[in-house]
Amino acid sequence: LQTGEFGYTEMQVPLMVRQRAMYGTGQLPKFSDDLYVAKSGVEVDAYDADIPSDVGSTNDRWLIPTAEVPLTNFAGEEIFDESQLALRFTAWTPCFRAEAGAAGKDTRGMIRMHQFSKVELVSITTPEQSQAEHERMTDCAQEVLKRLNLAHRVVTLCTGDMGFSATKTYDIEVWLPGQNRFREISSCSNCGDFQARRMNARYRPKDGKGTRFVHTLNGSGLAVGRTLIAVMENYQNDDGSISIPDALRPYMGGMTKIGP
């Protein structure tokens, strides 16, 4: 859907990244307690020497909490021509987060896990493009739920609920009958030039005068496990069987129902 219809380029990305990649997208140092780190015997690289000392050891390798990290870092230390933008990337990856079960929330089941799969969307744009791109990205993520015919809503987050790097965030929330509530299934954020400044990601305007920082955006399209939960709960029948949504039947060998 995202590649064939919406023009995202699919990437295969590393699951372990350097400290600089985590710092560039804003995961470090703020969210270090929510990340998994692989201690390394590799000597400190001069490439990482200018990162603030409170980020951690520069020879560590970090498991990605989302494909946003490696996808956005494709723009790091690059200078694009304005004609190349917007760039749109997507990847399906495992994601690793140590926050699962924090504060006693969602300690059982599939809602919050230390390892889960997710499709990520990332855009690299000019400042003038980023607001429209944010709306476009949210629509692309929301389209998955529309085709699955799942009840959902889009919420604009207040400043206190937004992530560290974001200037504006939409949450897409899907209805889960088992919890009798809407739950987040995607966050789509416009990060402005925050990440670009950390990564030194720039572009050269058409007039050729100097360089400017790009804007970066990211969103989930979608979290695979939570989408599966939404399908199972919303399509469950009285006898315990689960009807397969029309959009998924071509991938299920023509099956229309899964029995208990």
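Keep in mind that what you see is a predicted model, and the values were worked out from it rather than measured.

Asks: Which parts of the structure should I look at to understand the environment of Ala-75?
Replies: Within the fold, Ala-75 resides in the loop between helix H2 (68-72) and strand S5 (79-81). Along the backbone, Ala-75 and Arg-202 are 127 residues apart, and their C-alpha atoms lie at a distance of 8.0 Å. Apart from the residues within four sequence positions on either side, Ala-75 is in contact with Phe-80, Ile-124 and Ala-201.

Asks: What exactly am I supposed to notice about the packing of aromatic side chains here?
Replies: Two aromatic rings are characterised by how far apart their centres lie and by the angle between their planes. According to the stated counting rule, one finds three aromatic pairs in the structure shown. Here the aromatic rings of Trp-175 and Phe-182 are separated by 5.1 Å at their centres, their planes lie at 70°, and the arrangement is edge-to-face. Over the ring of Tyr-23 we find Arg-198; its NZ or CZ atom is 4.1 Å from the centre of that ring.

Asks: Would you mind going over the sheet that holds strand S6 (residues 87-96) with me for this structure?
Replies: Sheet strands associate in pairs through backbone hydrogen bonding, adopting either a parallel or an antiparallel arrangement. Read across the open sheet, the seven strands follow the order S1-S6-S7-S13-S10-S9-S8; overall the sheet is mixed. Bordering the open sheet on either side are strand S1 (9-10) and strand S8 (152-156), each of which pairs with just one other strand. Strand direction decides the pairing type here: S1 and S6, joined by two bridges, are parallel. The partner of Glu-10 across the bridge, within S6, is Thr-90. Set on the sheet, helix H3 (residues 130-147) makes contact with S6, strand S7 (115-125), S8, strand S9 (168-176), strand S10 (181-190) and strand S13 (215-223); between it and S13 the angle comes to about 5°.

Asks: What's the story with the pattern of salt bridges in this structure? I'm lost.
Replies: Inspection of the entire model under this criterion finds nine salt bridges. Between Arg-204 and Asp-81 there is a salt bridge, with the nearest N and O atoms lying 3.8 Å from each other. Highlighted residues: Arg-204 in strand S11 (residues 202-204) and Asp-81 in strand S5, separated in sequence by 123 residues. According to the relative accessible area criterion, Arg-204 is partly exposed, its value standing at 34%. Judged by its relative accessible area of 38%, Asp-81 falls in the partly exposed class. Measuring nitrogen to oxygen at the nearest pair gives 3.2 Å for the salt bridge that ties Arg-212 to Glu-128.

Asks: Whenever I open this one, the pairing of S9 confuses me. Can you help?
Replies: In regular strands, side chains alternate between the two faces of the sheet. Among the nine residues in S9, seven count as buried, and that is most of the element. Pairing between S8 and S9: five bridges, direction antiparallel. Note on S9: the bridge partner recorded for Val-154 is Ile-172. One ladder, built from nine bridges, connects S9 with S10; its direction is antiparallel. Bridging across to S10, Tyr-170 finds its partner in Cys-188. What sits between the antiparallel neighbours S9 and S10 is a turn of four residues, in which Asn-180 has the positive phi angle 55°.

About the thresholds
Residues numbered from 1 in each chain as written. Predicted model: local features only at pLDDT ≥ 70, side-chain atom pairs only at ≥ 80, totals over all residues. Heavy atoms only, no water. Helix = DSSP H or I, 4+ residues; strand = E, 2+ residues; numbered from the N terminus. Contact = heavy atoms within 4.5 Å. Phe/Tyr/Trp six-rings, centres within 6.5 Å; stacked < 30°, edge-to-face > 60°. Lys NZ or Arg CZ within 6 Å of the ring centre and 35° of its normal. Pairing = 2+ DSSP bridges. Axes fitted to C-alpha atoms, helices over the stretch in contact; angles between N-to-C directions. Salt bridge = Lys/Arg side-chain N within 4 Å of Asp/Glu carboxyl O. Buried < 20%, exposed > 50% of the residue type's maximum accessible area, 1.4 Å probe, protein only.

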